[in-house]
Amino acid sequence: MIGTFLNPVLAVLRKDLQSELRTRYAMSALIMFIVSTISIIVFAIGGGTSRSDVLAGMLWVVIFFSSMSGLSRTFVSEEERGTAMTLQLLVPPSVVLFGKLLFNVLLVIGMNILAVALYSFLMTGFTVTSPGLFSLTLILGSGGLAASSTIIAAIIAKANTKGPLFPVLALPILLPLLVVVINMTRLSMEGGDISESVGEFQFLIAYIIVIITASNLLFEYIWRD
Amino acid sequence: MIRLFLGIWLAIVTLLAFVLPMSANPSAWYHLPIIPGLEDKARILFFHVPTAWLSTVGFIASMVYGIRYLRKRDPEDDIKSASAAGVGFLFCILATVTGAIWAKFSWGTYWNWDPRQTSIFVLLLIYGAYFALRSAIDVEEKRATLSAAYAIIAAVVMPFFMFVMPRILASLHPQPVLNVQGKTEMNATMLVLLISSFAGFTGLASWMWNLEVRIQRIVMNSLSGLKGETRV
């Protein structure tokens, strides 16, 4: 029963991964974006700052705008290549949604690992004292980021102006998530414990579940022309 | 007729809001109470609170008609949804501006990222994004579907924001009219005036909404007339 739903989802994911590895469009855009934003931050405030609120905020600014540059590709490329129609004929909408969602989750997690590695390498003041809290924050933050970006990307893929619209639509949706993860990143730098942030974890998990449920309900209307 | 009535009603409410005297021990029926820390600045209550209320109502109405559109695919619902968002956006700007002016005199600065100010800022962002999305799509059905979907997603996320804000910052904003403790520092005169103001502004907003819906209906009919089809 689960296999009949999961197999086509994984097929969509595999198709997206293959075409991504062929063109490397989203990946190179993301990597270049991460490198350029981090270098601007290094030039602007220097690597030595040790203020945890500044460093935590800047890290998520890098992550937010990098994902804005690459995550809309999944749906926009289908429209640009004219393959959206074929996909509509082959599989039900929810399969497309979850396939694309998984692809974006993988992309965001990969991107965030790279961003954090580069960030801690260039910003000497950035030291995480509780790695457990930090990695949980990063994983749940990536999940929420991918979930909201996927449905927003599905919406803007059908609009005329795709590029500048994506961050405009995504920011109000992502703002509560960003506020919480920035707070938790700051806490993990200052040596907070996981048990102190149970409420925040519940918040992030609830956010992800609500966004995915709403996406699943709405995607059918967005996807069908 | 309704326009005349609304004009007179709101004129009376505005006049009373400014001229009714405030006293520490309200004895006469026309006395407003002095709220400690607010004094004469409390008079903004009669304008600020109804506009803030209508900016939320406009958004919720827009979402409800968006859901109706997705269910029935009636272009009329999309017109109602977009017009409600338009009126709501106007009142959202009014609430932000009146709030900022009040903050200047109460807190000493126009903007200090109080949770209330942040919430209304997010509401402004959502309205802005909604209209940016609408202007980016030419085909009517597509525009209606996508903007309805966006309004629903934004509405679904709003409760998270309400949850997250008070945990980060303590608010200096005066207690809402309907606060948790159920107590209020208002007397009957103030309450009646506030309710009249609510009624007047809500009437004004629905009149504006109705006007906008009728204008958009004419625009839609004339456009479909150009394409050689007619709509009843």
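Residues numbered from 1 in each chain as written. Chains lettered and ligands numbered in written order. Predicted model: local features only at pLDDT ≥ 70, side-chain atom pairs only at ≥ 80, totals over all residues. Heavy atoms only, no water.

### Points about the overall build of chain A
Reasoning step 1: Tallying secondary structure elements over chain A gives nine helices and zero strands in all.
Reasoning step 2: Taken from the N to the C terminus, the helices and strands of chain A come in the order α-α-α-α-α-α-α-α-α.
Reasoning step 3: Relative to the compact-globule value of 17 Å for 225 residues, chain A shows a C-alpha radius of gyration of 18 Å, a close match.
Reasoning step 4: In chain A, which comprises 225 residues, the proportion classed as buried is 51%.
Reasoning step 5: Pairs at least 24 residues apart make up 85% of the contacts formed inside chain A by residues separated by at least 6 positions.
Reasoning step 6: Element-wise, carbon and sulfur atoms account for 70% of the exposed surface of chain A, whose accessible area totals about 9,700 Å². (Helix = DSSP H or I, 4+ residues; strand = E, 2+ residues; numbered from the N terminus. Rg over C-alpha atoms; globule rule 2.2 N^0.38 Å. Buried < 20%, exposed > 50% of the residue type's maximum accessible area, 1.4 Å probe, protein only. Contact = heavy atoms within 4.5 Å. Areas by Shrake-Rupley, 256 points an atom, 1.4 Å probe, with all protein chains shown as cover.)

### A few points about the side chain of Ser119 of chain B
Residues and elements named next belong to chain B.
Reasoning step 1: Along the chain, the position of Ser119 falls in helix H4 (residues 115–135).
Reasoning step 2: The buried category is assigned to Ser119, whose relative accessible area is 17%.
Reasoning step 3: The contacts of Ser119, once residues within four sequence positions are left out, are Phe161 and Met165.

### Observations regarding the nonpolar core
Reasoning step 1: If you look at the biggest cluster of nonpolar residues, it comprises 107 residues, and the most contacted ones within it are Phe126, Ile152, Ile155, Leu169, Ile173 and Leu174 of chain A.
Reasoning step 2: A per-element tally of this core places helix H5 (residues 140–168) of chain B first, with 16 residues.
Reasoning step 3: Filtering out sequence-adjacent residues up to four positions away, Ile152 of chain A remains in contact with Phe166, Leu169, Ala170 and Ile173 of chain A together with Tyr150 of chain B. (Core = buried A, V, L, I, M, F, W, Y, C linked by side-chain atoms within 4.5 Å.)

### As for the pattern of salt bridges
Reasoning step 1: According to the stated counting rule, one finds eleven salt bridges over all chains in the structure shown.
Reasoning step 2: Here Lys15 of chain A makes a salt bridge to Asp16 of chain A, at a shortest N to O gap of 3.0 Å.
Reasoning step 3: Residues Asp77 of chain B and Arg68 of chain B are paired through a salt bridge, measuring 3.4 Å at the closest nitrogen-oxygen approach.
Reasoning step 4: Through salt bridges with shared partners, a single ionic network connects Lys15, Asp16, Glu78 and Lys100 of chain A. (Salt bridge = Lys/Arg side-chain N within 4 Å of Asp/Glu carboxyl O.)

### What to know about the interface of chain A and chain B
Reasoning step 1: Contact with chain A, which involves 30 residues of that partner, is made by 27 residues of chain B.
Reasoning step 2: Buried surface at the junction of chain A and chain B, both sides included, amounts to about 2,500 Å², of which 83% is carbon and sulfur.
Reasoning step 3: It is Pro172, Leu218 and Tyr221 of chain A that lose the most area in chain A upon contact with chain B, and together they represent 21% of the buried surface on that side.
Reasoning step 4: Between the two partners, chain A and chain B, sit zero salt bridges.
Reasoning step 5: Taken together, chain A and chain B are joined by one residue pair in polar contact (both at pLDDT 80 or more).
Reasoning step 6: Among the secondary structure elements, those contributing two or more residues to the side of chain A that touches chain B are helix H7 (131–157), helix H8 (165–189) and helix H9 (198–223) of chain A.
Reasoning step 7: Classifying every residue of the side of chain A that touches chain B gives 23 nonpolar, four polar and three charged. (Buried area = accessible area lost by both parts, 1.4 Å probe. Polar contact = N/O pair within 3.5 Å; in protein donor to acceptor, adjacent residues only side chain to side chain. Nonpolar A, V, L, I, M, F, W, Y, C, P; charged D, E, K, R; others polar.)

### Re H9 of chain A
Reasoning step 1: In this model H9 of chain A runs 36 Å from its N-terminal to its C-terminal C-alpha over 26 residues, within 8% of the 38 Å that 1.5 Å per residue would give.
Reasoning step 2: Approximately 40° is the largest bend angle found in H9 of chain A, and it occurs at Leu217 of chain A. (Expected span 1.5 Å × (residues − 1). Bend = angle between axes of the 7 residues up to and from the residue.)

### Quick notes on the packing of aromatic side chains
Reasoning step 1: This model, assessed by the stated rule, comprises 21 aromatic pairs over all chains.
Reasoning step 2: A centroid spacing of 5.4 Å and a plane angle of 75° characterise the contact between Tyr207 of chain A and Phe160 of chain B, whose relative ring orientation is edge-to-face. With one member in each of two chains, Tyr207 of chain A in helix H9 and Phe160 of chain B in helix H5 form a pair that bridges those chains.
Reasoning step 3: We classify Tyr207 of chain A as buried; its relative accessible area is 0%.
Reasoning step 4: The exposure class assigned to Phe160 of chain B is buried, which follows from its relative accessible area of 11%.
Reasoning step 5: Here the aromatic rings of Trp111 of chain B and Trp113 of chain B are separated by 5.8 Å at their centres, their planes lie at 85°, and the arrangement is edge-to-face. (Phe/Tyr/Trp six-rings, centres within 6.5 Å; stacked < 30°, edge-to-face > 60°.)

### Quick notes on the environment of Ser197 of chain A
All names here are of chain A.
Reasoning step 1: For Ser197, the position within the fold is in the loop between H8 and H9.
Reasoning step 2: Ser197 sits in the buried class, given a relative accessible area of 1%.
Reasoning step 3: The spatial distance from the C-alpha of Ser197 to the C-alpha of Leu187 is 9.0 Å, given a sequence separation of ten residues.
Reasoning step 4: Contact partners of Ser197, with chain neighbours within four places excluded, come to Leu133, Met184 and Leu187.

### Quick look at empty space enclosed by the protein
Residues and elements named next belong to chain A.
Reasoning step 1: Within the structure shown, the criterion is met by one cavity of 30 Å³ or more.
Reasoning step 2: Roughly 40 Å³ of volume is contained in the largest cavity.
Reasoning step 3: Lining the largest cavity, in full, are Leu97, Leu101, Ala147, Thr150, Ile151, Ile212 and Ser215.
Reasoning step 4: At the level of secondary structure, the elements contributing two or more residues to the lining of the largest cavity comprise helix H6 (93–122), H7 and H9.
Reasoning step 5: The element best represented in the lining of the largest cavity is H7, accounting for three residues.
Reasoning step 6: Along the lines of polarity and charge, the residues of the lining of the largest cavity split into five nonpolar, two polar and no charged. (1 Å grid on protein atoms, 1.4 Å probe; cavity = no way out; pocket = protein on both sides within 12 Å on 5 of 7 lines; lining within 4 Å. Points joined across faces, edges and corners; volume = space filled by probe spheres on them.)

On their own, these measurements won't tell you what the molecule is for.
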